[in-house]
Amino acid sequence: LGRKFGGSVGGALNNLIGGWQLSGLVRYRSGLPFDISNRARFSTNYYGAGRALIVGDVKSQGGADNNQGVPGAFYDSRGAASRMRFNRTGLIGPRNIFRADDLFNTDLALGKRFQMPFEGHSLQFRWEVFNAFNNVNFSLRGLQQRYDRPAVLGQYNSTDAPRTMQFALRY
């Protein structure tokens, strides 16, 4: 009653086709910042690796294929590495001046509650899809960040989770 589609449908068919709910969540994030390591040597302290010093013009491109056909942060990883040098004691180097690839993700859910013939009883069905459009989002966790490996500098070697689905039935 009062519905645009299926308003005259009643009984069991109404229970089957009526009352579905669709929900979704869309996320976009610009690329996270990252820096380049100076070959895992300690330049300023003994806690962790220092950062490479940038001695030329180096820009990150964010997720496009590099000149070797591999997704990476730099078009020319060897050229980018040649514009960096080891950080000596007392020099700290730039921090987080490059940007990784951005992230775009869509999660969707479809659900319906079926009323049971017993008072106060219902059955709920839910189908959830994470990364519904199966977008490839490169992970900063797998980004090669050591300039002493120029052939692979800035290359991605892992992605975030692909499309995942889950179903739920609740009484």
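Preceding block: the structure.
The structure displayed is predicted, hence computed values, not measured ones. (Residues numbered from 1 in each chain as written. Predicted model: local features only at pLDDT ≥ 70, side-chain atom pairs only at ≥ 80, totals over all residues. Heavy atoms only, no water.)

1. A look at the packing of aromatic side chains
The condition is simple: Note on ring pairs: Phe, Tyr and Trp rings are taken, using the six-membered ring of Trp, and paired if centres are within 6.5 Å. Classes follow the plane angle, with under 30 degrees stacked, over 60 edge-to-face and the rest tilted. Only DSSP runs of H or I covering at least 4 residues are called helices, and only runs of E covering at least 2 are called strands; the numbering of each starts at the N terminus. Summary of the burial criterion: residues with accessible area below 20% of their type's maximum are buried, those above 50% are exposed, and those between are partly exposed, where the area comes from a 1.4 Å probe applied to protein chains only.
Scanning all chains against the criterion turns up seven aromatic pairs. Both rings, one in W127 and one in F167, keep their centres 5.8 Å apart while their planes meet at 10°; by these two values the pair is stacked. Taken as a pair, W127 in strand β7 (residues 122–130) and F167 in strand β8 (residues 164–170) lie far apart in primary sequence, 40 residues in all. By relative accessible area, which is 31% here, W127 ends up partly exposed. What makes F167 exposed here is its relative accessible area of 57%. Relative to Y156, the ring of F138 lies with its centre 4.9 Å away and its plane at 20°, an arrangement referred to as stacked. Of this pair, F138 sits in the loop between β7 and β8 while Y156 is found in the loop between β7 and β8, placing the two residues 18 residues apart along the sequence. A relative accessible area of 18% means that F138 is categorised as buried. The exposure class assigned to Y156 is buried, which follows from its relative accessible area of 7%.

2. Remarks on a nonpolar patch on the surface
Convention followed: To count toward a patch, a residue needs a relative accessible area over 30% and no salt bridge; like charges are then connected within 9 Å, while nonpolar side chains (Val, Leu, Ile, Met, Phe, Trp, Tyr) are connected within 5 Å. The method behind every accessible area is Shrake-Rupley, applied with a 1.4 Å probe, and residues are considered shielded solely by the protein chains displayed. Should a side-chain nitrogen of Lys or Arg be within 4 Å of a carboxyl oxygen of Asp or Glu, the pair is scored as a salt bridge.
A cluster of nonpolar side chains, L13, L16 and I17, forms an exposed patch at the surface whose accessible area comes to about 290 Å². Here L16 is to be found in helix α1 (residues 11–17). According to the relative accessible area criterion, L16 is exposed, its value standing at 51%.

3. Some words on the pattern of salt bridges
Going through the model one piece at a time under the given rule, you end up with three salt bridges. A salt bridge links R141 to D160, with the nearest nitrogen and oxygen atoms 3.3 Å apart. Remark: D160 occurs in the loop between β7 and β8 and R141 occurs in the loop between β7 and β8; sequence separation between them is 19 residues. Between R146 and D148 there is a salt bridge, and its shortest N-O distance comes to 2.8 Å.

4. Structural notes on the side chain of T106
Put simply, the rule reads: Two residues qualify as a contact provided that any one of their heavy atoms is within 4.5 Å of a heavy atom in the partner residue.
When you line up the elements, T106 lands in strand β6 (residues 103–115). Accessibility expressed as a relative area gives 4% for T106, which makes it buried. What T106 contacts, discounting residues up to four positions off in sequence, is L25, V26, V129, F130, N131, A132 and F133.

5. Things to note about the nonpolar core
Convention followed: Throughout, nonpolar core names a set of buried Ala, Val, Leu, Ile, Met, Phe, Trp, Tyr and Cys residues whose side chains join them through atoms within 4.5 Å.
In this structure, F34, I36, F74, M84, F98 and L153 are the most contacted members of the largest nonpolar core, which totals 16 residues. Contacts of F74, omitting those with residues within four sequence positions, involve F34, I36, V58, K59, S60, Q61, N66, A80, M84, F98, L153 and G154.

6. Concerning the sheet that holds β7
Convention followed: Paired strands are those between which DSSP finds at least two bridges. Between the N-to-C directions of two axes lies an angle of 0 to 180 degrees, each axis being a line fitted to C-alpha atoms and, for a helix, fitted only over the stretch in contact.
If you walk across this open sheet you meet the four strands as β1-β6-β7-β8, and the pairing is antiparallel. Each of the sheet's edge strands pairs with one partner strand only, and the pair in question is β1 (21–29) and β8. Between one strand axis and the next, the sheet turns through 10° on average, direction left out of account.

7. Quick word on unusual backbone geometry
Here the phi dihedral of N131 falls at roughly 55°; this positive angle occurs in a residue that is not glycine. When its relative accessible area of 4% is taken as the criterion, N131 is described as buried. At N134, a position not held by glycine, the phi torsion is positive, near 55°. Relative to the helices and strands, N134 resides in the loop between β7 and β8.

8. So, the pairing of β1
Counting buried positions along β1 gives zero out of nine residues, so the element sits mostly on the surface. Taken together, the nine bridges between β1 and β6 define a ladder with antiparallel strand orientation. Within the sheet, the bridge partner assigned to R29 lies in β6 and is L103.

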